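What follows is each chain in one-letter form.
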Amino acid sequence: MGLDFSVAFVETQPDLYELSDILTEYYAQIVERLMTVGGPGLSVQDLVQSSLDVIDQFMPPNGGILLARDSSGYLLGCGFVRMIDDHQAELKRLFVRDLARGYGLGRQMIEMRIEKAKSLGATTILADTVRGNSSMLALYDRLGFSETPRYDGNANPAELDKYLVYRKLELTAG
C-alpha cells in the first residue's frame, strides 16, 4: 500500500508554526547525528529560530521551500533551496517524517529542488550533510553528486566542517 502525498513549492511564506514544528524534528535528528560523530550538542530551538530568521533567503525569487503533505494536509516533509550567487544553488533542510519514509519522497524532493535551481539559473548545486548520514549520502551519490570541499556561501560555522560532508552536482545544459 502506498502513501498518498502531494509535493509543491510554496508561493508565499509558509505557516511558521507548522514549519517550526517539522524543523524541530529535523534539527533534533541532525543534532543527534552530529553528536554521534563527535560534534557539539547544539540547541535545537536556536537552530530552528535561525532557520526561521533567514526564511526570506529561500523564498522566490531567489529560492524555494518545498512542502510535502498527505491527503489530509498533514506536513510530511520539507526541503529548501536558495541561490548562493548567479550560478550556484544550495539545497538545505531536507526532512521526511518517519511515517513517510520509504516511498521515494526524499528523492522526489531533491529532484524537484534541482529542477527549481535550474529554473533559477543554477549550473552547480551544492549541499551538505552530517558525516555518517549514510542514507542521505547514498541518495546524493545516486543522483550524481560528488564530494567537494566546503563552499563559499555555506552558512554552517567553520568549526563544524570536520563533522560535515559537502556535495556538488554540476548540471549539464539541456
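Up top is the structure.
Computed from a prediction, not measured in an experiment: that's the story for all the values here.

What follows covers the side chain of Thr-129. As for its position among the elements, Thr-129 is in strand β5 (residues 124–130). Owing to a relative accessible area of 6%, Thr-129 belongs among the buried residues under this scheme. A polar side-chain atom of Thr-129 sits 2.9 Å from a polar atom in the side chain of Asn-133. Excluding residues within four positions of it along the chain, Thr-129 makes contact with Met-136, Leu-137, Tyr-163, Leu-164 and Val-165.

Take helix α2 (residues 44–53) next. Those residues of α2 not exposed but buried are Val-44, Leu-47, Val-48, Ser-51 and Leu-52. The arc that holds the buried residues of α2, viewed along the axis, is 135°, so those residues lie on one side. Turned more than 90 degrees off the buried face of α2, the exposed positions are Gln-45, Asp-46 and Asp-53.

Residues Leu-19, Leu-23, Tyr-27, Ile-65, Leu-67, Cys-78 and Phe-80 are the most contacted members of the largest nonpolar core, which totals 29 residues. For this core, the elements supplying multiple residues, two or more each, are α1 (16–36), α2, β2 (63–70), β3 (75–83), β5 and β7 (164–170). Ranked by the residues each element gives to this core, the list is headed by α1, at eight residues. Residues contacting Cys-78, with those up to four places away along its chain left out, are Ile-22, Leu-23, Leu-66, Leu-67, Arg-93, Leu-94, Phe-95 and Met-109. Core analysis: the next-biggest nonpolar cluster, separate from the first, contains 27 residues, Val-7, Met-83, Val-96 and Ala-122 among them.

Here we come to the environment of Ala-28. Structurally, the position occupied by Ala-28 is in helix α1. Residue classification places Ala-28 among the partly exposed residues on the basis of a relative accessible area of 37%. Considered as a pair, Ala-28 and Leu-47 are 19 residues apart in the sequence and their alpha carbons are 9.5 Å apart.

Strand order across the open sheet formed by seven strands is β1-β2-β3-β4-β5-β7-β6, with mixed pairing between neighbours. What marks the edges here is a single partner per strand, and that holds for β1 (5–9) and β6 (146–148). The sheet shows a mean angle of 25° between the axes of neighbouring strands, direction not considered. With seven bridges connecting them, β5 and β7 associate as antiparallel partners. Residue pairing in the sheet places Thr-124 in a bridge with Glu-170 of β7.

Here the focus is unusual backbone geometry. Excluding glycine, residues mostly have negative phi values, and the peptide bonds linking residues are mostly trans. A cis amide bond, omega 10°, links Pro-60 with the succeeding residue Pro-61. Looking at where Pro-61 falls in the secondary structure, it is placed in the loop between α2 and β2. Located in the positive-phi region is Arg-93, a residue other than glycine, with phi close to 55°.

The rules behind these values
- Residues numbered from 1 in each chain as written.
- Predicted model: local features only at pLDDT ≥ 70, side-chain atom pairs only at ≥ 80, totals over all residues.
- Heavy atoms only, no water.
- Helix = DSSP H or I, 4+ residues; strand = E, 2+ residues; numbered from the N terminus.
- Buried < 20%, exposed > 50% of the residue type's maximum accessible area, 1.4 Å probe, protein only.
- Polar contact = N/O pair within 3.5 Å; in protein donor to acceptor, adjacent residues only side chain to side chain.
- Contact = heavy atoms within 4.5 Å.
- Arc of directions from axis to C-beta.
- Core = buried A, V, L, I, M, F, W, Y, C linked by side-chain atoms within 4.5 Å.
- Pairing = 2+ DSSP bridges.
- Axes fitted to C-alpha atoms, helices over the stretch in contact; angles between N-to-C directions.

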